[in-house]
Every structure is written in C-alpha cells, then in structure tokens.
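Architecture and fold: a report
Here is what each chain is made of, one letter per residue.
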Amino acid sequence: MLLKNKLVQLCIALGLGLIVMLIPRPEGTKFEIIGDPDKRILTQVGGDFVIDDNGGQKTKGYVLRALNPGQPQATAKHLEEEAVRLGLTDARVVYVDGLSPTAKRFLATLAFLLFLFIFEPIPLEITAISIGVLLILTGVTDVKGAWAPYMHPVVVFIMCCLVYAIALEKAGLTQRLGQAIARKAGDSVIRFTFLLSVGLGYASGLFHDAAAAAIGIATMLPLMRAAGIKPYTKTAKFMMLSVAFACSAGGMITLVGGGRNMVSAAFLKEFTGMELTFFDWMKFAAPAGIITVPLAVTVLYFVYRPDRSFKLPKFDEKMGPWTALEKKTTAILVVAFGMWLTKGAHGLDYSIPGILAIAALVIAGVLEWEDIHKHLEWGTVLFIFGGGISLGLGMDASGAARYFANLFFPLFKGSGWLIMFIGVAVFGAIVTNAMANVAAAALILPIVIPLAQLEGVDPRVLALCLGMATSFALLLVIGCPPNAIAYSYRQFKSSDLTKAGLVATPVLLTALILVCALWWKLLGLV
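Keep in mind the model is a prediction, meaning the values are calculated, not measured.

1. As for the overall build of the protein
Counting its regular elements, the protein contains 24 helices and 4 strands. Seen through its C-alpha atoms, the protein measures out along the principal axes to roughly 85 × 55 × 45 Å. Put simply, of all contacts in the protein between residues at least 6 apart along the chain, 78% involve residues at least 24 apart. Carbon and sulfur atoms provide 65% of the accessible area of the protein, an area that totals close to 21800 Å². Of note, the protein has its 43 positive side-chain charges centred 8 Å away from the centre of its 34 negative side-chain charges.

If you want it as structure tokens, here you go:
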C-alpha cells in the first residue's frame, strides 16, 4: 500500500510542516517588555500602545496593548526596533496573545515530528535525536539549549530506574515477585496483568511512576516469554501498556509520585501562600488515583482483547530462602528509594542517589558494567526521552505553549470552578504529551491561578487538577517516563500506544472529573 511506503510517509510529514508554515500567523495585540525597568520604550510608543494589566497575571516586565491592531506600528517588530534605537540591548519583546515567528516555526517542526512519532517511517531513536537538530536549524533554540536536555537530570533518573530493573532481574528478585503474583493469579495472564499493574500503579505513588514501571516490566517479561507471548501481539500490547498506564495514573496519589505534583504545590505556595502538604495532597488526590489505576488497565483490556488461551507456567514449589545477592540488591535499592522519598529534607536531585545506588550495585558485585552496557536501551533513555524534554523546552522557549494557554484559558472565565477544572484538565493532559509534565505544570499554573483568584475559585482546585491530569500523558512515547520505559523493550509500536491513549485519555479524564467533583464536595474544597 502506497501510504505504508516510508518515503511517502516522510513526504506527508514534511507536507504537514509546510501547511503549518502557510497558515497566517496571528500577531496579537499584547506584548510583554522585559529588561526595560524605566519603561523607556513606552515613552516612545505611547501613541500606539497603552499599559495593560494582563488580567492580573504576574509578569517579569510590563505589558503593552496595541491601540490600532493590524497597523505596522502595532507589532512586536516595531517595539523591537524602538528597543534597538534606544540602545536597550537587554530588552526583550515577548508575545502575550499572539504567535511569534519562532513559535510558528516550532509548530511546523512539531507537526512534522508528531507524524514521525506516531507512524514511525524511521526508527523512533533517529526521530528523537533529530529533534535537537531541527530546533537549532529552525532557530527555536541554540546548540546548548537543544542538546543539554538529552542529559537532563530526569533522563539520568530514568536511566537509573532501568538499571535497577536490570539488577533486580539479575539478582532474581523480579522472578520472586513474578512467581508470588502468579500463584495468586493462577495460570491466567489477564489476572496476572491486573494484579501486577494495579499493585505497582498504587505503589508508584510512593516511589515514583518511572521506578514502578521499570520494576513491573522487568517482572512481567520473563513470564511473558515463558507463556509464549510474542512481541507486537495484542496480548503483549495489553500487558506492557497496562503497567505503563497504571503507573502513570498512580503517580498522582501522593505528592512524591511525580515531579508534576511537587511543581504544582510549589507554584501554589509561591503565588498564593497556600500550602499542600504530603497528607493534604493524598487526602484530595488518592481517591481519583485509586479509581483510575484499575480503570486504565480495564480500558486497555477492551482496546486489545488479549488472548485468553495463553497460560502462565505453574509454580507449585516454593522459592528458597533469600540469597546474599537478593539481600544486597534489596538493601541498596531501599536506601535509594528512601533518599527519593526524603528529597524534601536533604534537597538532592533524584539523579544523585540514583547514580550512587548504581555505583553501590557495581561495588557490591550485583552488577558489572557489561550487564548495564548489554541490557540497557541507551537509545530510548538518551534519545527518546531526552528528545521529548528538548521538544518541551523548545515549546516553552518559542512561546508556542504560552500562546495556546493564553488563547485557551480566558474562554472559561466566569464559568465557575467545574468548567475551569475541565478546561485545565483537558489542556494539561493534551499539552503534557509534547512537553514534560513538570514543564506543563510550570507553564500553565502561573496563568490559571490568577484566573481562579479573580473568579473566586480556591486555587488549590486548579493546582491539584493540573498535577493529577498531567498524569494522563498517554498519547505519545515521549509523553512520560513509564511510556518510554515500556517502549524500550520493543513489545509494541508507538502507534499502538497512541491508539490506546486516544481511548484511555478521555475515559480517565472523565473519571477524574467525576471523582473530584463528588469527593471534593464532601471535603468542602468546592
């Protein structure tokens, strides 16, 4: 078929990018001036612009609104020319409600890349490493800005989680866990998948969704092989994606389940002085997580209809006592997880104890370098997830994310807390597929918290909403760590994840909205 030809698919991707470039660019009417504390630019353009309060939102500089939109003197270019004429070398003009030329080039690049990510005419690793090249060539960011994210602390953290999975498998702990669950599940592959995915989904609220996904998949794969389940079959897709989706949903349960939660709480405190403690977050968010974790697995069951004829091997004999290798591995990883849980006390980034634990595993004789080199999917860790972070930062730096946020959220002004909650949840769940959920939270909250205050809505509602909704980055492999970790084992295609995500995302968002509306009403939050 012609559409399956790789060259044709590349041409379609390029055509999508060109179409975006041909669409007229909205200039907008508001521009933020940064680096002009004395407002010298305003004194020169007072006849064409007036000061605007930007809806009460915090800004780094001051915002000007054009009096005569559409005129040559009512553009960002005119303001930039005035800054140059005044010798304001540090001054920047940022689009507020318009789309900058840089943002338009970014969106064209994004359209091109999204097609490649979904249909995979070339290996995903090549597409991902090309993100940095394209962002440089289109002028979205500089060389450092494009390549630094490929070794972002989050990338290092995910690498650590995958190495831990290698250690657990080598030590025999995944086999022990798998057999323990298999005894409860009997020979049913479906029951086993539900028990493992839901259990680790709930556990991801305690030791991060990426770590839970890595442990779950390392536990699942040997049993899949023993049952004769081949890669890319419906059963393999159901099993692998169940772990990824369940762990993503479970990350919302506590404050430490994902960086998005902590960023949401931090921005809430910075903007309002209101604090969401560990127990506050759990009180408000846990019921939604408890319901959406098994719901995610159920959705995947109906999407892929796994083959019930596959049977797990029987484990009648009890496993022997713990070996010295298992004990050493467990001790090291317990310390690492403990360091992650107490990050608020010691302040060390997750990547620091993560790398120290890998060093300890090697020193203790649990792992050798050859184990890591041979079994770690470097392409997935460095390229796919690193590329996703680079793309997200480019979206922020270009102004594209800010444009859509400013375009989208004012539509819900005056609509009450529930409509605003739905708007934030939907926008957050969609945009977090193209940028890290931490970045999505950092982008959206400064816009919606002032809107909530103006509308008399408790800001905690939107901070919680965003941290929870960005758990559903289920459309792209680069959307969140569990997706990338699951993909690294080559049991499904990128398009398989997108297919499942298109069904799961609206279902899980609906469940989130209903649960929060009822539970928060009982707690008096709304």
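Moving on from the model shown.
2. Quick look at the packing of aromatic side chains
Taken as a whole and assessed by the stated rule, the structure comprises 11 aromatic pairs. Taking the centre distance of 4.6 Å and the plane angle of 35° together, the rings of Phe115 and Phe119 count as tilted. A residue pair is termed a helical-turn pair when its members lie 3 or 4 positions apart in one helix, as Phe115 and Phe119 do in helix H4 (residues 101–119) at 4 residues. Phe119 gets classed as partly exposed once you look at its relative accessible area, which sits at 46%. Ring centres 5.3 Å apart and planes at 80° place the aromatic pair Tyr301 and Phe302 in the edge-to-face group. Joined through ring pairs, the aromatic side chains of Phe194, Phe238, Tyr301 and Phe302 make up one cluster. Against the face of Tyr62 rests Lys39, its NZ or CZ located 5.6 Å from the ring centre.

3. Here's the deal with the environment of Ile19
Looking at the element boundaries, Ile19 is found in helix H1 (residues 6–22). Once the C-alpha coordinates of Ile19 and Ala111 are considered, the two residues, 92 residues apart in sequence, prove to be 9.2 Å apart.

4. Some remarks on the nonpolar core
Inside soluble globular proteins, nonpolar side chains tend to come together where they are buried. Counting residues in each nonpolar core, the largest one holds 159 residues, and the members touching the most others are Phe106, Tyr164, Phe192, Phe245, Met468, Leu512 and Trp520. Element by element, the count of residues in this core is highest for helix H7 (residues 153–171), at 15 residues. Formed by 18 residues, the second largest nonpolar core is a distinct cluster that contains Val45, Leu86, Ala91 and Val93.

5. Quick word on helix H20 (residues 417–431)
Helix length check: H20, at 15 residues, gives a terminal C-alpha distance of 21 Å against a target of 21 Å (1.5 Å per residue), a fit within 8%. Turning to H20, its buried residues number three or more, namely Met420, Phe421, Gly423, Val424, Ala425, Phe427, Gly428, Ala429 and Val431.

6. Things to note about a positive patch on the surface
A surface patch of like charges, here positive, comprises Arg191, Arg305, Arg308, Lys311 and Lys314. Counting through the fold element by element, Arg191 comes out in helix H9 (residues 189–207). On the basis of relative accessibility, which here comes to 45%, the residue Arg191 falls in the partly exposed class.

7. Focus on the environment of Lys499
Position of Lys499 among the secondary structure elements: in helix H24 (residues 494–523). Sequence spacing of Lys499 and Val461 is 38 residues, and the spatial spacing of their C-alpha atoms is 30 Å. Leaving out residues up to four positions away in the same chain, Lys499 has contacts with Val303 and Tyr304.

8. Description of the pattern of salt bridges
Overall, the coordinates contain 10 salt bridges when judged by the stated rule. Two residues, Asp371 and Lys170, come together in a salt bridge whose shortest N-O distance is 2.7 Å. Of this pair, Asp371 sits in helix H17 (residues 369–375) while Lys170 sits in helix H7, and the two are 201 residues apart along the sequence. Lys170 gets classed as partly exposed once you look at its relative accessible area, which sits at 38%. With a shortest N-O distance of 3.8 Å, Lys269 and Glu275 are connected by a salt bridge.

9. Section: unusual backbone geometry
A positive phi angle is found at Glu120, which is not glycine, with a value near 50°. Relative to the assigned elements, Glu120 resides in the loop between H4 and helix H5 (124–137). Judged by its relative accessible area of 21%, Glu120 is partly exposed. Positive phi is not limited to glycine here, since Arg305 has a value of about 45°. Mapped onto the elements of the fold, Arg305 is located in the loop between helix H13 (278–304) and helix H14 (324–341).

10. Examining the side chain of Ser188
Locating Ser188 in the fold gives a position in the loop between helix H8 (173–185) and H9. We classify Ser188 as buried; its relative accessible area is 15%. At a separation of 3.4 Å, a polar atom in the side chain of Ser188 contacts the main-chain amide nitrogen of Ile190.

11. What to know about the sheet that holds strand S3 (residues 62–66)
With respect to topology, 4 strands assemble into an open sheet ordered S2-S3-S1-S4, the strand pairing being antiparallel. Both edges of this open sheet fall to strand S2 (49–52) and strand S4 (92–95), since each of them pairs with a single strand only. When the angles between neighbouring strand axes are averaged without regard to direction, this sheet yields 35°. Direction of pairing for S2 relative to S3: antiparallel, over a ladder of 4 bridges. Directly across from Phe49, in S3, lies its bridge partner Ala66.

12. A few points about a nonpolar patch on the surface
A surface patch of nonpolar side chains, about 410 Å² in accessible area, is lined by Leu3, Ile12, Leu16, Ile19 and Ile23. Take Leu16: it is sitting in helix H1.

13. Re the side chain of Ser100
Within the element layout of this structure, Ser100 appears in the loop between S4 and H4. Of the polar contacts made by the side chain of Ser100, one reaches the backbone oxygen of Ser398; its length is 3.1 Å. Aside from chain neighbours lying at most four places away, what touches Ser100 is Arg25, Tyr95 and Ser398.

14. Here's the deal with the packing of H20 against helix H22 (residues 459–469)
Running from N to C, H20 and H22 point in directions that differ by 30°, and their axes come no closer than 8 Å. The pairing of H20 with H22 is recorded here as roughly parallel in orientation. The two elements H20 and H22 meet at a crossing, and its hand is right-handed. Across the interface between the two elements, Trp417, Met420, Phe421, Val424, Ala425, Gly428 and Ala429 from H20 touch Val461, Leu462, Cys465, Leu466 and Ala469 from H22. Looking at the contact of H20 with H22 residue by residue, the classes come out as 11 nonpolar, 1 polar and no charged.

15. Some remarks on the pairing of strand S1 (residues 30–34)
For S1, a buried count of 4 out of 5 residues is recorded, marking the element as mostly surrounded by other parts of the structure. Relative to S4, S1 runs antiparallel, the two sharing 4 bridges. Looking at the pairing, Ile33 lines up with Val93 of S4.

So, how was this worked out
Residues numbered from 1 in each chain as written. Predicted model: local features only at pLDDT ≥ 70, side-chain atom pairs only at ≥ 80, totals over all residues. Heavy atoms only, no water. Helix = DSSP H or I, 4+ residues; strand = E, 2+ residues; numbered from the N terminus. Contact = heavy atoms within 4.5 Å. Areas by Shrake-Rupley, 256 points an atom, 1.4 Å probe, with all protein chains shown as cover. Lys, Arg positive; Asp, Glu negative; His and termini not counted. Charge placed at Lys NZ, Arg CZ, Asp CG, Glu CD. Phe/Tyr/Trp six-rings, centres within 6.5 Å; stacked < 30°, edge-to-face > 60°. Buried < 20%, exposed > 50% of the residue type's maximum accessible area, 1.4 Å probe, protein only. Lys NZ or Arg CZ within 6 Å of the ring centre and 35° of its normal. Core = buried A, V, L, I, M, F, W, Y, C linked by side-chain atoms within 4.5 Å. Expected span 1.5 Å × (residues − 1). Patch = residues over 30% accessible without salt bridge, like charges linked within 9 Å, V, L, I, M, F, W, Y side chains within 5 Å. Salt bridge = Lys/Arg side-chain N within 4 Å of Asp/Glu carboxyl O. Polar contact = N/O pair within 3.5 Å; in protein donor to acceptor, adjacent residues only side chain to side chain. Pairing = 2+ DSSP bridges. Axes fitted to C-alpha atoms, helices over the stretch in contact; angles between N-to-C directions. Parallel < 35°, antiparallel > 145°, perpendicular 65-115°, else oblique. Left-handed = near helix turned anticlockwise from the far one by under 90°. Nonpolar A, V, L, I, M, F, W, Y, C, P; charged D, E, K, R; others polar.

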